[in-house]
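Descriptive structure summary
As a plain string of letters, each chain reads:
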Amino acid sequence: MARQYEMIMRHSRNSSGTAEPPRTDTRYKRIAAAMQKHQCRPDALIEILHKVQDAFGYLPMEAVRFVAREMRVPPSRVYGVATFYHFFSLKPKGKHNCVICTGTACHVRGAQAIVNEIQQQLGLRPGQTTADGKLGVQIARCIGCCGLAPAVVLDDQVLAKVKPGEMVETLRARVGGAR
Amino acid sequence: MLGKLDEITARVRQRSQEYRLKLQVCCGAGCLSSGAGELLEELKRAVAAQGLEGEVGVVPTGCMGPCNQGPLVRVSPDDTMYEKVVAGEAAGLVECHCGRGEEVRAKLLFSGGEGPVCERASEHPFFRLQRRVALENCGVINPESLEDYIAAGGYRALYHALTGMSREEVIAEIKQSGLRGRGGAGYPTGLKWETVYKHVSAEKYVICNGDEGDPGAFMDRGILEGDPHRVLEGMAIAAYAVGARKGYLYVRAEYPLAIKRFELAIKNARAQHLLGSQVLGTEFQFEVEIRVGAGAFVCGEETALIASIEGRRGQPQPRPPYPAERGLWGKPTLINNVETFANIVPILIQGGEWYASIGTPKSAGTKAFALAGKINNTGLIEVPMGTTLRQIIFDIGGGVPDGKRFKAAQTGGPSGGCIPEEHLDVPVDFESVVKLGSIMGSGGLIVMDESSSMVDVARFFMEFCMDESCGKCVPCRVGTKQMYDLLHRICEGRGTESDLALLEELAPMVKETSLCGLGMTAPNPLLSTLRYFREEYLALIPRRAEGASVGPSAHQP
Amino acid sequence: MNEIVSIQLDGNELKVELGRTILDVCREAGVDLPVMCYLEGLSVVGACRLCVVEIEGSPRLFPACTTPVAANQAIRTQTEKLKRYRRMIVELFFAERNHVCAVCVANNACELQDLARRVGMDHVRFPYLFPECGVDASHPHAVLDHNRCILCTRCVRVCDEVEGAHTWDVMGRGHASRVIADFNEPWGSSTTCTSCGKCVQVCPTGALWPKAASMGNLRKEPGKIGELVAKRKLNA
């Protein structure tokens, strides 16, 4: 199967399609090194996509194409995997990111009120990023900090027993702080 | 090689005997996010500043249990625990307790609550009614120190198995213990090991399932963060018994600390020949690799987990063939949950008979639970099987806060159900919980009070299942979406009695025809709330009560 | 040759060979089991759940396509419950996307439509979900209409397993799953598609259809794939 696929790739109508990514970009070097480490075995695809997301903060299509080509995994399979797992994002996230936990414990302790308040005060629904790219709002299924419910992860920092109003103030300060 | 373990033990013991007091700082994920990291440094500084370095040790530990009282400090051997200690209070605490020998009464554990406060922490009902087997070392030893683990008796069970027991004897011991899978389904562990052992293959695999996807469950997280070597040793023993040389830990990307500590554990164990070729100087070889999940609840299902390790979309395969026969890369594969592996070492050390003597005849041993929701003492606990729900929620958990009335306990997450007040005296074991229309599950236990709408709870879990359905089989892919839409309509006060009838027709079909556990159990929260709280559904249907509603839902505002 | 055992199929004694699936045995015995994702020659995925049967002594239902026969099994394929469940699954199919037989190119040449008649589904009680689905007509010879796709993945499997191109796969998950070409690009610009047309032949509905077809003259030959695979095995 792999050989057939390779053949098709070689004879395909418009060859690889995209321009070579800038090999001087150290992020691509890091990804290439990770693929080398796994000998480009297709089972390492998810590991490699993690590396891409670590490097870029999301999965840029150019990098996804690069991974598919180097690992010789069919494009649709790479895309299928990248969109199956919700941890991966094909869209850039905000400069600052606020992840509201909506696990059961957070739900019964009022996570919904936080989501609503952010939507009303800042006009951001889960999955959206402000037009200037400064703040992104996401929801998580459960971050496993149920003792701290309702919990919010703001830029990798876990905030415990969050109150809706205070959360909005914190976000305003974070974005206004222009760091 | 046993000599080396003894030598390390002696060295660690001698060092700790030099200390008059030990300040243990909980560095579980919960406490870390409330500032335990700074507290740890501040305590070290205070001890040094007060000239107590030689006699007072400061050590980080894994999760101690009472997560919402963090950051927590335990003083040993005084058995005193302090709650909500912030960095600024470190100097004062060291000065009073370690210097003048006085307790800081205002900071004693649970002193901020309504329940009892105990000078000796282990006498408090929160700890007194627990029995820690899998969590034995959690919150006691430094999870980042292999030496500490060895000093606590670690890797002796592996040594004993490799040098003194045949593979059949190890399996017999596990069978005798009566241990059942702690991931939720409760399949007998010994039987699973035996099946993999019996399949002849040059290559076999052991997988530790740490894809703890139930929202509201954090037992596996606690164990991986608090005692990673315990899991590693359990995996090594399993590998020896079934004849595998390679193992994988599949863990959620949402648990970075667990990944970091497990990576360190692998590195340290390999350096001491507890992993790799010639483990503990024997012929046995074993390597472990970590695979990080990427946010898919369905990957907790064995065949989906295997697909994910193989780098594919995490979609389940029809069984048979079972992974024990054809699993990872088509080879016989043993998959057990984190907590199951954490129970292996004590079983080999103290014997299967001992383990079987704990708990109930059909559900042996102990079970870890994550208490959360409308409960005073949220946190991580471990109790003998058969402990009643009432004891867990009211004695250990301290009951419902703000004077509210208990309404239901949700077990088993999106695969489970809600147990109402009239069944609070049910002994918690695999069979009894199923009889009530729920499942034991992996150990998430969420308490709801009178202010929680049970229809909303059903919608919450249905939304979860709909979002997490892999989309492969029709009943789950479309059925969960239809059930969610119907529930959403009822919640918004737009439902009709025929919607309710459709729900009741759809639920059993999805349950019986779905391909994997996700779909088969997805209707459970709906069915159990319908069983015990039907009047809440009827109250939302306009003909009975005009315009009632419970508000919008998280994902479709 | 495997061991021969006896089973009961809807009350009739049968001698069958171990290692075969219940579906195989049913087809040979002339028992009519509906299937949608199953196609001879392709790997078995057990996804549509239409072929579930009851086996005496077990409270569970078993998909006939993936379950091997065992000695002394008593299998029931046509109980009232099974018939009801099958009807409901077909209803879910219809309610999931935008199936309108009257204006479909596959009208009267559609496995889903046939199935609905066979299981006696005369109306759909579940609310139609009306998802927004596109039509991809960028390929020179064929059209992909997501409105009529039932995600049986026959096209994905035939493209990977028989043609070896792996142009198709599925993106997303749950009810948001969609069949995609390459990196979710227009089919016509695919760099992997060989334009072999196998996907069109195996598609059970009007989701994949040749541009040359119009309503009334569409004919598909999914059976050809089984023959192809069988011939290849002969040569192997």
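What counts, and at which threshold
Residues numbered from 1 in each chain as written. Chains lettered and ligands numbered in written order. Predicted model: local features only at pLDDT ≥ 70, side-chain atom pairs only at ≥ 80, totals over all residues. Helix = DSSP H or I, 4+ residues; strand = E, 2+ residues; numbered from the N terminus. Rg over C-alpha atoms; globule rule 2.2 N^0.38 Å. Buried ≥ 20, exposed ≤ 12 C-beta atoms within 10 Å, placed from the backbone. Contact = placed C-beta atoms within 7 Å. Nonpolar A, V, L, I, M, F, W, Y, C, P; charged D, E, K, R; others polar. Pairing = 2+ DSSP bridges. Axes fitted to C-alpha atoms, helices over the stretch in contact; angles between N-to-C directions. Domains from an automatic or database assignment. Parallel < 35°, antiparallel > 145°, perpendicular 65-115°, else oblique. Left-handed = near helix turned anticlockwise from the far one by under 90°. Expected span 1.5 Å × (residues − 1). Arc of directions from axis to C-beta. Core = buried A, V, L, I, M, F, W, Y, C linked by C-beta atoms within 7 Å.

Regarding its fold elements, chain C presents 6 helices and 10 strands. For 236 residues, the compact-globule formula gives about 18 Å, and the C-alpha radius of gyration of chain C, at 19 Å, lands near that figure. The buried share of chain C, reckoned over its 236 residues, is 44%. In chain C, the proportion of contacts linking residues at least 24 apart, taken out of those at least 6 apart, comes to 63%.

Looking now at the overall build of chain B. Secondary structure assignment for chain B yields 23 helices and 13 strands. Its C-alpha atoms give chain B a radius of gyration of 24 Å, near enough to 24 Å, the size a compact globule of 557 residues would have. C-alpha extents for chain B along the principal axes are approximately 75 × 60 × 40 Å. Burial status across chain B gives 59% buried among its 557 residues. The long-range fraction of contacts in chain B, counting pairs at least 24 apart against all pairs at least 6 apart in sequence, stands at 73%.

Attention shifts here to the interface of chain B and chain A. Across the contact, 40 residues belong to chain B and 36 residues belong to chain A. Residue assignment for the side of chain B that touches chain A shows that the elements contributing at least two residues are helix H2 (29–33), helix H13 (302–309), strand S9 (366–373) and strand S13 (444–449) of chain B. Taken together, the residues that form the side of chain B that touches chain A break down as 18 nonpolar, 15 polar and 7 charged.

Turning next to the sheet that holds strand S6 (residues 246–251) of chain B. All names here are of chain B. Strand order in the open sheet made by the 4 strands is S7-S6-S5-S8, with parallel pairing throughout. Sheet topology places strand S7 (287–292) and strand S8 (333–337) at the edges, where each strand pairs with a single neighbour. On average, adjacent strands in this sheet sit at an angle of 20° to one another, irrespective of strand direction. In the sheet, strand S5 (residues 205–210) pairs with S6 via 6 bridges, with the strands oriented parallel. Counted as the bridge partner of Gly-210 is Val-251 from S6. On the sheet, helix H11 (residues 228–242) packs against S5, S6, S7 and S8 and is oriented at approximately 150° with respect to S5. Seen against the sheet, helix H12 (residues 256–271) touches S6 and S7 and runs at an angle of roughly 165° to S7.

All names here are of chain C. Split by domain assignment, chain C resolves into domain 1 (4–78) and domain 2 (84–235). Domain 1 and domain 2 are separated by 25 Å when their C-alpha centres are compared. Counting residues at the interface gives 14 residues for domain 1, matched by 22 residues for domain 2.

We now examine the packing of H11 of chain B against H12 of chain B. Relative placement of two packed helices is described by the angle separating their axes and the distance separating the axes. Residue and element names in this part refer to chain B. Interhelical geometry of H11 versus H12 gives an angle of 60° and a closest axis separation of 9 Å. Classified by the angle their axes make, H11 and H12 are oblique. Pair H11 / H12 crosses with right-handed handedness. Side by side, H11 and H12 meet where Pro-228, His-229 and Leu-232 of the first sit next to Arg-261, Phe-262, Ala-265, Ile-266 and Ala-269 of the second. Among the residues forming the contact of H11 with H12, the class breakdown is 6 nonpolar, 1 polar and 1 charged.

The end-to-end C-alpha separation of helix H2 (residues 80–96) of chain C is 24 Å, in line with the 24 Å expected for 17 residues at 1.5 Å each. Within the span of H2 of chain C, buried status applies to Leu-82, Tyr-85, Arg-86, Met-88, Ile-89, Val-90, Glu-91, Leu-92, Phe-93, Phe-94 and Glu-96 of chain C.

Another point: the sheet that holds strand S10 (residues 208–210) of chain C. Residue and element names in this part refer to chain C. Within the open sheet, the 3 strands sit side by side as S6-S7-S10. Their pairing is antiparallel. Every other strand in the sheet has two partners, leaving strand S6 (135–136) and S10 as the edge strands with one partner each. Relative to S10, strand S7 (residues 142–145) runs antiparallel, the two sharing 3 bridges. Opposite Val-143, over in S10, you have Trp-209 as the bridge partner.

If you look at the interface, chain B gives 21 residues, while chain C gives 23 residues. Broken down by secondary-structure element, the contributors of at least two residues to the side of chain B that touches chain C are helix H19 (454–468), helix H20 (474–491) and helix H21 (497–513) of chain B. The element contributing the most residues to the side of chain B that touches chain C is H20 of chain B, with 8 residues. Residue classes in the side of chain B that touches chain C are distributed as 10 nonpolar, 5 polar and 6 charged.

Let's shift gears to the environment of Asp-456 of chain B. Residue and element names in this part refer to chain B. Along the polypeptide, Asp-456 turns up in helix H19. C-beta crowding within 10 Å serves as the criterion here: with 21 such atoms nearby, Asp-456 is assigned to the buried category. With 32 residues separating them in the primary sequence, Asp-456 and His-488 have C-alpha atoms 8.4 Å apart. Those residues in contact with Asp-456, other than ones at most four positions away along the chain, are Cys-491 and Val-550.

This brings us to helix H2 (residues 26–37) of chain A. Residue and element names in this part refer to chain A. The end-to-end C-alpha separation of H2 is 16 Å, in line with the 16 Å expected for 12 residues at 1.5 Å each. When we look at burial in H2, the residues that qualify are Tyr-28, Ile-31 and Met-35. Buried residues of H2, viewed axially, fall in a sector of 60°; they line one side. Counted as exposed and oriented over 90 degrees from the buried face of H2: Thr-26, Lys-29, Ala-33 and Gln-36. Against the buried residues of H2 lie helix H3 (45–56) and helix H4 (61–71). Just beyond H2, the residue with positive phi is Gln-39, at close to 50°.

Residues and elements named next belong to chain B. Assigned domains of chain B: these are domain 1 (15–122), domain 2 (146–355), domain 3 (361–449) and domain 4 (454–540). Taken over C-alpha atoms, the centre of domain 1 sits 30 Å from the centre of domain 3. Facing 7 residues of domain 1, the contacting portion of domain 3 comprises 7 residues. Split into classes, the residues belonging to the side of domain 1 that touches domain 3 amount to 3 nonpolar, 4 polar and no charged.

Let's shift gears to the nonpolar core. Formed by 300 residues in total, the largest nonpolar core has its most connected members in Ile-237 and Ala-238 of chain B. If near-sequence neighbours (up to four positions away) are discounted, Ala-238 of chain B is found in contact with Trp-193, Val-206, Leu-334, Asn-336, Phe-341 and Ile-344 of chain B.

Of note, the bond from Ala-149 of chain A into Pro-150 of chain A is cis; its omega dihedral lies within 30 degrees of zero at -10°. With respect to the helices and strands, the residue Pro-150 of chain A is situated in the loop between strand S2 (135–140) and strand S3 (152–154).

All names here are of chain B. Checked against the element boundaries, Leu-264 lands in helix H12. Since 16 C-beta atoms lie within 10 Å of it, Leu-264 is described here as partly exposed. Along the backbone, Leu-264 and Glu-144 are 120 residues apart, and their C-alpha atoms lie at a distance of 7.0 Å.

A separate point is the pairing of strand S12 (residues 417–420) of chain B. Residue and element names in this part refer to chain B. The pairing of strand S11 (residues 406–411) with S12 spans 4 bridges and is classified as antiparallel. The residue bridging Gln-410 from the neighbouring strand is Cys-418, located in S12. Linkage of S11 to S12, two consecutive antiparallel strands, is achieved through a turn of 5 residues, within which Gly-412 is found at a positive phi near 80°.

Further remarks concern the packing of H2 of chain A against H3 of chain A. Residue and element names in this part refer to chain A. One can describe the packing of H2 onto H3 by two numbers: an axis separation of 10 Å at closest approach and a directional angle of 160°. With respect to each other, H2 and H3 are oriented roughly antiparallel. The interaxial crossing formed by H2 with H3 has right-handed handedness. Contacts from Arg-27, Arg-30, Ile-31, Ala-34 and Met-35 of H2 reach H3 at Ile-48, Lys-51, Val-52, Ala-55 and Phe-56. When its residues are assigned to classes, the contact of H2 with H3 shows 7 nonpolar, no polar and 3 charged.

Next up on the list: the environment of Ala-151 of chain A. Residues and elements named next belong to chain A. Within the secondary structure, Ala-151 is located in the loop between S2 and S3. Owing to 28 C-beta atoms within 10 Å, Ala-151 belongs among the buried residues under this scheme. Note: C-alpha distance between Ala-151 and Thr-102 (49 residues apart in sequence) is 8.4 Å. Apart from the residues within four sequence positions on either side, Ala-151 is in contact with Cys-101, Cys-106, Ile-143, Cys-145, Val-158, Leu-159, Ala-160 and Val-162.

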